[in-house]
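Here are the chains, one letter per residue:
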Amino acid sequence: MRRVAGVWRHDFLGVRLGVLAVALPPVLLSMAHTLATRGAWLHPPDSRYYLTMTSRDMGHGITDAIARTRAVANWRLAPWYFAGNDPTWQMVKTRALYPFLSIPFVWVVGLKNGTLYVPCLAMIAFIVVTAHVLQRLYGPAVAALVAAAFGITTVVTDLTWATTDALALALAAVLVANLPIERRIGPVNLVWLAAACVAVALTRQVGVLAPAMAFAGWAWAFVRDRTWRNRWSGAAIVTIAVTGGMQLILSTVAHVDTQGLVTRGQTTAGGVARQLLRNLGTVTRGDISYMWANDRVLYALLIAAVLMTLLRITKDFAAVFIGAVAASYILTSGVGYSAGMRYEIIMFPAAAVATGGFVAWALGQQGSPFPLVREPEVEPDPGRSLWIPQAVGCATVLGLCVLVTALGGSQSTTPAPASPSFTAAQGGQPYAVQPLARPGAEVTLRAALTQALNTLKSGYDLEGPFDWVHDLRYRVTSPDDPNYARRSPDGTTITRINAMTKEEQKAFAGSVTFDGAAQPATLKVDDRTTSAYGEDVTFSVRDRNGVTHTGTATTLYPIWSAEEPGVVTALVYAR
């Protein structure tokens, strides 16, 4: 028995085998259950970008890559989803690391299953790396309890799908593991911090996390030690410099415009500030409601983290947790709504360290039911670590990722404006999709107005006769209309369905239906110009009061199903 007990005390990847035996099985079981039962949502709508990028990284052309993606997940997808003028694609195109890492798995088991390996391995990495930090700080019992608890939260178990979320969570854990929390760090830790900052920039737009945590740690140390040069200085300098450098580099290749998303139509500094505060309140209330209804384990863990932070506010873990929370709020305040804690997962590794402090305190106060084997752990001299081979290895992997994606997955297609129909469908390009049917514009416009009326009446999504990402031009009628602040002098503006909140979708629907008074059956096309991909028309439609309204429109023929009416990319009423 002593020999068996001794086995559990051996380390694997810096973590006791006993800790892994407790923490990993719940995560593995939850992943297996999700993989067996989630069905189509193993590849949610976001994954259509990543699956296509993976195929393009492997050498497939855009047309073939889209076909491969639609064979796995039948979400709407077209070459204009990757257009140079599409804001969503400008944001996604830099998320190159997940598709790149998926290549070997896709080669072996195919696109459908191969794209799930990286998220699953990333979740395991999150548990192992977090357990390593907890074991160093508090011992194996705390590491096993807290890592297992975070592993069974609903939010974490739901990350078993083909997106970048799980990879971002694992990279956040790597960042926390290499910060100087209650210790000194050496060159090898700085190498991993720099590599993780680059990797995060190539995974999701959450780069603010590393500088926020490191700067908070430095600020705490400055207050305690009264010196600018403290053990957090190196981490703060590296994370700020690398993150800032990556943002500058990526901004030259991806023009991400978040102004409209953040300001929500506000045009003054005070208005923007008030909007952000409203967003923070909305997100906080939404997250608390979600956790109370769906994830009370996470609710308890975060409460413990907050309590321990307040009780031990001078400790390093308190600074790191506060920095992580601040970074999460910066990101979610721009989004403006709660996504079930999905955007806040980046703070979980820092929260786990704070929660671990609470659990260690509780076990010390109440007596532990576990054998707390806590021999002093002697870390190697951080100055003598072999950091050069690790730096070369990290640089090689990340450099290959950048090279492969620059030649493959991150290349954009030609811009797709709202009008005319030929250029809206990227006509003239070899990847332009040939229509499956050619319904007249009146069919498409009537379907669009009917969908807008349903949105006003029942809150339905506008997607269908309106495309999810394509440029959509219309005439604004009130400050509540989507993208009102960016209207042109002629009173029209460009918007997209995926950029609208539910309220904005209703405002748009009200604008194009005269607050629900339009009668789709009365719509007539007065003049028509036809291309191979759609129609540009002038039309008229009556409202319930008998008033006739005229305008111009652009419609595209259906490319996903011959039974569909097509999509509207411009619907502009006369003044």
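Summary of the structure given here.

Reading the values: rules and limits
- Residues numbered from 1 in each chain as written.
- Predicted model: local features only at pLDDT ≥ 70, side-chain atom pairs only at ≥ 80, totals over all residues.
- Heavy atoms only, no water.
- Helix = DSSP H or I, 4+ residues; strand = E, 2+ residues; numbered from the N terminus.
- Buried < 20%, exposed > 50% of the residue type's maximum accessible area, 1.4 Å probe, protein only.
- Salt bridge = Lys/Arg side-chain N within 4 Å of Asp/Glu carboxyl O.
- Expected span 1.5 Å × (residues − 1).
- Phe/Tyr/Trp six-rings, centres within 6.5 Å; stacked < 30°, edge-to-face > 60°.
- Patch = residues over 30% accessible without salt bridge, like charges linked within 9 Å, V, L, I, M, F, W, Y side chains within 5 Å.
- Areas by Shrake-Rupley, 256 points an atom, 1.4 Å probe, with all protein chains shown as cover.
- Bend = angle between axes of the 7 residues up to and from the residue.
- Axes fitted to C-alpha atoms, helices over the stretch in contact; angles between N-to-C directions.
- Parallel < 35°, antiparallel > 145°, perpendicular 65-115°, else oblique.
- Left-handed = near helix turned anticlockwise from the far one by under 90°.
- Contact = heavy atoms within 4.5 Å.
- Nonpolar A, V, L, I, M, F, W, Y, C, P; charged D, E, K, R; others polar.
- Pairing = 2+ DSSP bridges.
- Polar contact = N/O pair within 3.5 Å; in protein donor to acceptor, adjacent residues only side chain to side chain.

Backbone torsion omega between Ser419 and Pro420 reads -10°, so that peptide bond is classified as cis. Topologically, Pro420 is positioned in the loop between α20 (387–407) and α21 (421–424). Phi is positive for Glu182, which is not a glycine, with a value near 55°. Tracing the backbone through its elements, the reader meets Glu182 in the loop between α11 (165–177) and α12 (187–201). Positioned with a positive phi, Asp515 is a non-glycine residue whose angle comes to about 60°. With respect to the helices and strands, the residue Asp515 is situated in the loop between α23 (502–512) and β5 (524–530). Assessed through its relative accessible area of 68%, Asp515 is described here as exposed.

Here we come to the pattern of salt bridges. Going through the model one piece at a time under the given rule, you end up with nine salt bridges. Across the salt bridge formed by Arg76 and Glu564, the nearest N and O atoms sit 3.3 Å from each other. Of this pair, Arg76 sits in the loop between α4 (62–72) and α5 (87–92) while Glu564 is found in the loop between β7 (548–556) and β8 (567–573), placing the two residues 488 residues apart along the sequence. Arg76 gets classed as buried once you look at its relative accessible area, which sits at 14%. Residue Glu442 is joined to Arg528 by a salt bridge in which the shortest nitrogen-to-oxygen separation is 2.9 Å. Placement of Glu442 in helix α22 (residues 441–458) and of Arg528 in strand β5 is noted, with a sequence separation of 86 residues between them. Among the ionic contacts, a cluster of salt bridges with common partners joins Asp46, Asp165, Arg204 and Arg342.

Under the 1.5 Å per step criterion, the end-to-end length of helix α8 (residues 117–138) is 31 Å for 22 residues, consistent within 8% with the ideal 32 Å. Of all 22 residues making up α8, 17 are buried, and the element is well covered by its neighbours.

What follows deals with the packing of aromatic side chains. Under the criterion given, the structure shown has 20 aromatic pairs. Relative to Phe82, the ring of Tyr49 has its centre 5.6 Å away and its plane inclined at 75°; by these criteria the two rings are edge-to-face. Of the two residues, Tyr49 is situated in helix α3 (residues 47–57) and Phe82 in the loop between α4 and α5; the sequence distance between them amounts to 33 residues. The pair Tyr49 / Phe82 is uniform in exposure class, with both members buried.

Before going further, it helps to spend a moment on a nonpolar patch on the surface. Together, Trp107, Val108, Val109, Tyr117 and Leu121 make up an exposed nonpolar region whose accessible area comes to about 550 Å². In terms of residue count, helix α6 (residues 97–109) provides more of the nonpolar patch than any other element does, three residues in total. Relative to the helices and strands, Leu121 is located in helix α8.

In a regular helix each residue adds 1.5 Å, so 13 residues correspond to 18 Å; α6 covers 19 Å between its end C-alpha atoms and thus fits that length. The largest bend along α6 reaches roughly 45° and is located at Ile103, with the proline Pro104 sitting one to four residues downstream. Turning to α6, its buried residues number three or more, namely Leu97, Tyr98, Pro99, Phe100, Ser102, Ile103 and Val106.

Take the packing of α3 against α4 next. Relative orientation of the contacting elements α3 and α4 amounts to 135°, with a least axis distance of 8 Å. The angle between α3 and α4 falls in the class oblique. Once α3 is placed against α4, the crossing between them reads as right-handed. Counted together, Arg48, Leu51, Thr52, Ser55 and Arg56 of α3 and Ile62, Ala65, Ile66, Arg68, Thr69 and Val72 of α4 form the full contact between these two elements. Residue classes in the contact of α3 with α4 are distributed as five nonpolar, three polar and three charged.

Now for the sheet that holds β5. Here six strands make up an open sheet; going across it, the order is β4-β3-β8-β7-β6-β5 and the pairing mixed. In this open sheet, the two strands that pair with only one neighbour each are β4 (492–495) and β5. This sheet shows a mean twist of 25° between the axes of neighbouring strands, independent of strand direction. Note that β7 and β8 share six bridges and pair antiparallel. Within β8, the position partnered with Thr552 by the bridge is Val572. Lying over the sheet, α22 contacts β5, β6 (534–542), β7 and β8, oriented at roughly 80° with respect to β8. Contacting β3 (472–475) and β8, α23 runs over the sheet at an angle of about 60° to β3.

Sheet topology places β6 next to β7; nine bridges connect them, and they run antiparallel. Within β7, the residue paired with Asp536 across the bridge is Thr554. Counting the residues between successive antiparallel strands, the hairpin from β6 to β7 contains five residues, one of them, Gly546, with a positive phi of roughly 85°.

In this fold, Asp490 is placed in the loop between β3 and β4. Look at Asp490 and you get partly exposed, because its relative accessible area is 36%. Sequence-distant contacts of Asp490, defined by excluding residues within four places in its chain, comprise Arg475 and Arg575. At 2.8 Å, the side chain of Asp490 forms a polar contact with the side chain of Thr492.

The next subject is the environment of Ile62. Topologically, Ile62 is positioned in helix α4. Ile62 gets classed as buried once you look at its relative accessible area, which sits at 11%. C-alpha separation for the pair Ile62 and Ser412, spaced 350 residues apart in sequence, amounts to 9.6 Å. Setting aside residues up to four positions removed in sequence, Ile62 forms contacts with Thr52, Arg56, Phe82, Thr413 and Tyr431.

Here we come to the pairing of β5. Pairing analysis gives six bridges linking β5 to β6, with the strands arranged antiparallel. From the neighbouring strand, Thr529 faces β6, where its bridge partner is Asp536. What sits between β5 and β6 in their antiparallel hairpin is a turn of three residues.

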